[in-house]
Amino acid sequence: MKPVITIEYCPKCGWLLRAAYMAQELLTTFSAELGGVTLQPSETSGTYIMRLDDEVIYDRRESGHFPEIKALKQLVRDLICPDKSLGHSDR
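As the structure is a computational prediction, the values presented were derived from the model and not from experiment.

Calculation notes
Residues numbered from 1 in each chain as written. Predicted model: local features only at pLDDT ≥ 70, side-chain atom pairs only at ≥ 80, totals over all residues. Heavy atoms only, no water. Core = buried A, V, L, I, M, F, W, Y, C linked by side-chain atoms within 4.5 Å. Buried < 20%, exposed > 50% of the residue type's maximum accessible area, 1.4 Å probe, protein only. Helix = DSSP H or I, 4+ residues; strand = E, 2+ residues; numbered from the N terminus. Contact = heavy atoms within 4.5 Å. Salt bridge = Lys/Arg side-chain N within 4 Å of Asp/Glu carboxyl O. Pairing = 2+ DSSP bridges. Axes fitted to C-alpha atoms, helices over the stretch in contact; angles between N-to-C directions.

## A closer look at the nonpolar core
Membership of the largest hydrophobic core comes to 23 residues, with the highest contact counts inside it found for Ile5, Ile7, Leu26, Tyr48 and Met50. Those elements giving two or more residues to this core turn out to be strand 1 (4–9), helix 1 (16–29), strand 3 (48–52), strand 4 (55–59) and helix 3 (69–80). At four residues, the largest contribution of residues to this core is made by helix 1. Each residue touching leucine 26, except ones within four places of it in the same chain, is listed here: Ile5, Ser31, Leu34, Val37, Met50, Leu72, Lys73 and Val76.

## Side note on the pattern of salt bridges
According to the stated counting rule, one finds four salt bridges in the structure shown. Close ionic contact of lysine 73 with glutamate 25 constitutes a salt bridge, the shortest N to O distance being 2.9 Å. Residue lysine 73 is found in helix 3, and its partner glutamate 25 is found in helix 1; the two are separated by 48 residues along the sequence. Residue arginine 77 is joined to aspartate 78 by a salt bridge in which the shortest nitrogen-to-oxygen separation is 2.7 Å. We classify aspartate 78 as partly exposed; its relative accessible area is 46%.

## Side note on the environment of aspartate 59
Looking at where aspartate 59 falls in the secondary structure, it is placed in strand 4. For the pair aspartate 59 and threonine 6, spaced 53 residues apart in sequence, the C-alpha to C-alpha distance is 12 Å. Leave out the neighbours within four places in its chain, and aspartate 59 touches Tyr48 and Ile49.

## Quick notes on the sheet that holds strand 4
Within a sheet, neighbouring strands are paired by backbone hydrogen bonds and run either parallel or antiparallel to one another. Taken together, four strands build an open sheet; the order of strands is 2-1-3-4 and the sheet is mixed. One side of each edge strand has no neighbouring strand; the edge strands of this open sheet are strand 2 (36–41) and strand 4. Between one strand and the next, the sheet's axes are offset by a mean angle of 25°, whatever the strand orientation. Alignment of strand 1 against strand 3, held across five bridges, turns out to be antiparallel. Paired with isoleucine 7 across the bridge in strand 3 is methionine 50. Sheet strands in contact with helix 1 are strand 1, strand 2 and strand 3, and its direction is about 170° off that of strand 2.

Here it is in structure tokens:
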């Protein structure tokens, strides 16, 4: 089975569009490698957590900021298909 990414976001904070944008970028880049990206509204304010299957790969509270899309793609690539070239995102 292909891995699935879940983006848990705070709807009260207005982070749905950010989560949707990141989901779109990940699905576009990893269309053959991912089984999907799920958006999950959180009941906890300020939440923005990304999981690969059940493993937390990014937590906004721990890092203190949102991920840059380039860094996020590199992180996901390193976890699911380390040999994949990301083109301009690798520079």
